[in-house]
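Structure at a glance
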Amino acid sequence: MRVIFTNGCFDIIHRGHLELLKYAKSLGDKLVVGINSDDSVKRLKGESRPINLEDDRKFILESLKYVDEVIIFNEDTPYRLIKQLIPDIIVKGGDYTPDQVSGNDICKVEIFDFKDGYSTTKIIESLSNR
């Protein structure tokens, strides 16, 4: 069984997230998604985040047909989780290079070249400007 791993905040689910999850699932048999805890999101994105709480983000992701398992982690990176899982492939979005991906020393990294314009931060900014 090929296990694929990806991670992120997944604060406001948008098309870019779904495209990445679909691609990641196509690479293997089981897709495990690590999501940053609420505390971790605050540290990474600021006090106004997350918009959606971790249990809600987890529920939404678990409801998607591409996702087989969702694990919440409290650290700023999923390195410890990746070390436990030892997936076959880690998938990250095109705003990363393989050497920037946490766990690149543990397994193969695939970069998904997503389309520009899909960003939680941009969605929040556009709502603020209305």
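Let us look at the structure shown here. Keep in mind that what you see is a predicted model, and the values were worked out from it rather than measured. (Residues numbered from 1 in each chain as written. Predicted model: local features only at pLDDT ≥ 70, side-chain atom pairs only at ≥ 80, totals over all residues. Heavy atoms only, no water.)

**Regarding the overall build of the protein**
Regarding its fold elements, the protein presents 5 helices and 5 strands. When the helices and strands of the protein are listed from N to C terminus, the series reads β-α-β-α-α-β-α-β-β-α. For the protein, buried positions account for 40% of its 130 residues. Taking contacts inside the protein between residues at least 6 apart in sequence as the whole, the part at least 24 apart equals 65%. (Helix = DSSP H or I, 4+ residues; strand = E, 2+ residues; numbered from the N terminus. Buried < 20%, exposed > 50% of the residue type's maximum accessible area, 1.4 Å probe, protein only. Contact = heavy atoms within 4.5 Å.)

**Brief notes about helix α2 (residues 38-45)**
Among the residues of α2, D38, S40 and V41 are the ones counted as buried. Taken around the axis of α2, the buried residues stretch over an arc of 155 degrees, which confines them to a single face. Where α2 is buried, its residues touch β2 (30-36), α3 (54-62) and β3 (69-73). A positive phi of about 110 degrees marks G46, the residue just after α2. (Arc of directions from axis to C-beta.)

**Concerning the nonpolar core**
Of all hydrophobic cores here, the largest spans 14 residues; its most connected members are L21, L31, V33, L61 and V91. Only α1 (15-26), β2 and β4 (89-93) provide two or more residues apiece to this core. With residues near it in sequence (within four places) discarded, L61 still touches F10, I13, L21, V33, I35, V67 and V70. (Core = buried A, V, L, I, M, F, W, Y, C linked by side-chain atoms within 4.5 Å.)

**So, the sheet that holds strand β1 (residues 3-8)**
Strand order in this open sheet of 5 strands is β3-β2-β1-β4-β5, and the pairing throughout is parallel. The open sheet is flanked by β3 and β5 (108-112), the only strands paired with a single partner. With strand direction ignored, the average angle separating the axes of adjacent strands in the sheet is 25 degrees. Bridge analysis of β1 against β2 gives 6 bridges, and the strand direction is parallel. For I4, the partnering residue across the bridge sits in β2 and is L31. (Pairing = 2+ DSSP bridges. Axes fitted to C-alpha atoms, helices over the stretch in contact; angles between N-to-C directions.)

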